[in-house]
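# Observations on the three-dimensional arrangement
Listed below are the residues making up each chain.
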Amino acid sequence: MIQIRDLTKIYRGAAGEVVALDSVSLRVRKGEIYGIIGFSGAGKSTLIRCVNMLERPTEGSIIVNGQEMTTLYESQLRTMRQKIGMIFQHFNLLSSRTVFENVAFPLEISGVAKAEINKKVTNLLELVGLADKAQSYPSQLSGGQKQRVGIARALANDPIVLLCDEATSALDPATTSSILELLKDINRKLDLTILMITHEMKVISEICDSVAVIEGGKIIEEGLVIDVFTQPKHSTTRRFVQTIINTDVPDKIRERLLEKGQGQIIRLSFIGDNTAEPVVSSLVKHFDVDVNILYGNIDQIQDTPFGMLIIECIGAKANCDKAVAYLRKQGLRIEVLRSAE
Amino acid sequence: MRCYEVPNDVFTHLATLSPELIKATWETLYMTVVSVLFASLLGIPLGVILVVTDKGHIKESLKLNQILGSIVNVLRSFPFLILMLALGPFTRLVVGTTIGTTATIVPLTIAAAPFVARLVETSLKEVNWGVVEASLAMGASTWQIIRKVLLPEAMPSIILGTTITTITIIGYSTMAGVIGGGGLGDLAVRYGHMRFDYVVMVTTVIILVVIVQVIQSLGNLFAAKFNKN
Ligand SMILES: Nc1ncnc2c1ncn2[C@@H]1O[C@H](COP(=O)(O)OP(=O)(O)OP(=O)(O)O)[C@@H](O)[C@H]1O
Ligand SMILES: [Mg+2]
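In this text, all values refer to a predicted model and were calculated from it rather than measured experimentally. (Residues numbered from 1 in each chain as written. Chains lettered and ligands numbered in written order. Predicted model: local features only at pLDDT ≥ 70, side-chain atom pairs only at ≥ 80, totals over all residues. Heavy atoms only, no water.)

Let's shift gears to the side chain of B:Thr109. Note on placement: B:Thr109 falls in helix α5 (residues 101–125). You can call B:Thr109 buried: its relative accessible area is 6%. (Helix = DSSP H or I, 4+ residues; strand = E, 2+ residues; numbered from the N terminus. Buried < 20%, exposed > 50% of the residue type's maximum accessible area, 1.4 Å probe, protein only.)

Take a look at the structure:
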């Protein structure tokens, strides 16, 4: 649905050149929610603003729904933009217009008839749960409500793609979740492709299907969210993953690793249905070892459970080794943090 | 040497002069209202062009921006009295005469238009850029952004600007007597200054103060009505 190839953006200013994007390529499939995450200054806003040409790329190609964006004339670009919805961190609603009139705005722009506008706006406000606020002004709304208006407005012209520029960064955690839920809902109901940028891993984990990690204007890692979460390759990615899932060994246990002890300390990581618990109980049953659970952590990325368990396996060395070999066969990721004496 | 002419009965004096006072008040109001109207007609588009052609704005055109900016600056640096006299030939071209109340409207308009332009420019520049970008992202044209975004969003500020313009023009209009324009200023000069008739002088000042107060209050009222923040 969106295909970006070798996109480079260089800002030329008095202070010299800033390479904001350096040969970025990525592909967003129809109907998916694609997240781009990065720290401040990584180039996220520049990237998403290039998609609808709010920012002119220095080089490269952007294809939205089969249409090359970089070569469009002004009037063609305007028509195309009407089909690309966008929501913003600071909502950017017209303060002089009511909620109703704000949602009607893009329809006025594309020349929709009055009766049709009334019908559409009413439906959209229903969809985002703001039917009772139609006649309020933005200044009378909470942040979450404002973003709902922003979403309704972005959907008004039946877009083929929705761009979200830090759509939840100005909201508190509870409101963030409700907005994310709404976006997921819309994505499912309308089969709408969503491209979103964020600096919060929580946003990615809650609703994205795919994720790209951007740093210094380059995509450093990309893939399905579940893969990137469970096997982050780049250290920046690991930092992001750790903001929501603690894959680190807690300090208490780290101290214990340094102490001498008789058992083996093992970390099991698991994804999906093969949770570790039945495995642990069969260790005890079949290998004549005692198992001590030191630390456990289970999280959910969308519908997939994901977590780790740190166990101490106490028993004869041979038995412990056999137990580890067994664990490896169960499709779990195993790391021996401390071997037995 | 002339004596002070202080009438013992202020009210009888004012009553006999009331036709003059009413006429002068109307002249002032007429000059002001019509000039503000024409000045806005010229100044608002000028202010809009100054904004949208500025660097990084929706219709960047630095050449045009500089040319218009210079014209505005030159006009604004003329003292009104001099502008009024210097514009004589132009005034004759437009209204057919260089004297009288209607003739005063031409220099008043020319003096106020660049003033309006700068005020409108300031107002439009205060409009949240994010809103303009959102409109661009929705595929709005330049004209749609001006008409549906910039002007409505800046409306409270433009109304307050118009209030300032109106009050400034009332101030300018008191010099209209120089080209036979009449008005309250002229009355004050003819009676108060030349005939030492302080009753008339004070009365005209009071009328001017009341007009200014009313305009300012109306301006504040309308601005508040349009302000949805
Ligand atoms: N208009 C501009 N002119 C010059 N440099 C710019 C401009 N916009 C962005 N940059 C630079 O480009 C780089 C990427 O900026 P960008 O806004 O895309 O980052 P970001 O990932 O969105 O950061 P944040 O999370 O802080 O919003 C930064 O180094 C920034 O300073
Ligand atoms: Mg940004």
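This part covers the site of ligand 1. Residue and element names in this part refer to chain A. Around ligand 1, the surrounding shell consists of Tyr11, Val18, Ala20, Phe39, Ser40, Gly41, Ala42, Gly43, Lys44, Ser45, Thr46 and Glu166. Side-chain polar atom of Tyr11 to a nitrogen atom of ligand 1: 3.5 Å apart, as the coordinates give it. At 2.5 Å, a side-chain N or O of Thr46 approaches an oxygen atom of ligand 1. Contact with the protein chains removes 57% of the 630 Å² of surface that ligand 1 exposes when unbound. Residue assignment for the shell around ligand 1 shows that the elements contributing at least two residues are β2 (16–28) and α1 (44–51). Looking at which element gives the most residues to the shell around ligand 1, the answer is α1, with three residues. (Near = heavy atom within 4 Å. Polar contact = N/O pair within 3.5 Å; in protein donor to acceptor, adjacent residues only side chain to side chain. Areas by Shrake-Rupley, 256 points an atom, 1.4 Å probe, with all protein chains shown as cover.)

Attention shifts here to the pattern of salt bridges. What the rule picks out here adds up to 24 salt bridges over all chains. For A:Glu74, the salt bridge identified is with B:Lys59, shortest N-O distance 3.8 Å. Here A:Glu74 is found in helix α2 (residues 74–81), whereas its partner B:Lys59 is found in the loop between α1 (10–52) and α2 (62–77) on a different chain. The class for A:Glu74 is partly exposed, based on a relative accessible area of 48%. Residue classification places B:Lys59 among the partly exposed residues on the basis of a relative accessible area of 38%. Three or more residues are tied together by salt bridges with common partners; here these are B:Asp54, B:Arg118, B:Glu121 and B:Lys125. (Salt bridge = Lys/Arg side-chain N within 4 Å of Asp/Glu carboxyl O.)

All names here are of chain A. Domain parsing of chain A yields domain 1 (2–242) and domain 2 (251–338). Its C-alpha centre places domain 1 at a distance of 41 Å from the equivalent point of domain 2. Counting residues at the interface gives eleven residues for domain 1 and six residues for domain 2. Carbon and sulfur atoms make up 63% of the area that domain 1 and domain 2 hide from each other, which totals about 680 Å². The three residues of domain 1 that bury the most area against domain 2 are Ser205, Ile226 and Thr230, which together make up 59% of that side's buried surface. Summed over the shared surface of domain 1 and domain 2, the number is zero salt bridges. Here domain 1 is connected to domain 2 by zero residue pairs in polar contact (both at pLDDT 80 or more). For the side of domain 1 that touches domain 2, the secondary structure elements donating two or more residues are α7 (201–207) and α8 (225–230). (Domains from an automatic or database assignment. Contact = heavy atoms within 4.5 Å. Buried area = accessible area lost by both parts, 1.4 Å probe.)

A few words now on the UniProt feature "domain: ABC transporter" (unreviewed entry) in chain A. Taken from the UniProt record, the annotation "domain: ABC transporter" (unreviewed entry) applies to residues 2–241 of chain A. Taken end to end, residues 2–241 of chain A has its terminal C-alpha atoms 26 Å apart, with 38% of it in helix and 28% in strand. (UniProt positions renumbered as here; feature names shortened; annotations may be inferred.)

All right, on to the interface of chain A and chain B then. Facing 23 residues of chain A, the contacting portion of chain B comprises 20 residues. Where chain A abuts chain B, roughly 1900 Å² becomes buried across the two surfaces, and 55% of that area is made up of carbon and sulfur atoms. On inspection of chain A and its partner chain B, the count reaches three salt bridges. Taking the shortest distance from any N to any O, the salt bridge between A:Glu108 and B:Lys148 comes out at 2.6 Å. Among the secondary structure elements, those contributing two or more residues to the side of chain A that touches chain B are α2, β6 (84–88) and α3 (99–109) of chain A. Broken down by element, the side of chain A that touches chain B gets its largest block of residues, four residues, from α3(A). Grouping the amino acids of the side of chain A that touches chain B by side-chain chemistry returns ten nonpolar, six polar and seven charged. (Nonpolar A, V, L, I, M, F, W, Y, C, P; charged D, E, K, R; others polar.)

In this section: the layout of surface pockets. Reported here for the largest pocket is a volume of approximately 560 Å³. In terms of lining, the largest pocket is formed by 23 residues, of which the most central are A:Met53, A:Leu54, A:Arg81, B:Ile58 and B:Leu136. Only α2 of chain A together with α6 (129–137) and α7 (142–173) of chain B provide two or more residues apiece to the lining of the largest pocket. Among the elements that make up the lining of the largest pocket, the one with the highest residue count is α2(A) (four residues). Each residue belonging to the lining of the largest pocket can be placed in one class, and the counts come to ten nonpolar, four polar and nine charged. (1 Å grid on protein atoms, 1.4 Å probe; cavity = no way out; pocket = protein on both sides within 12 Å on 5 of 7 lines; lining within 4 Å. Points joined across faces, edges and corners; volume = space filled by probe spheres on them.)

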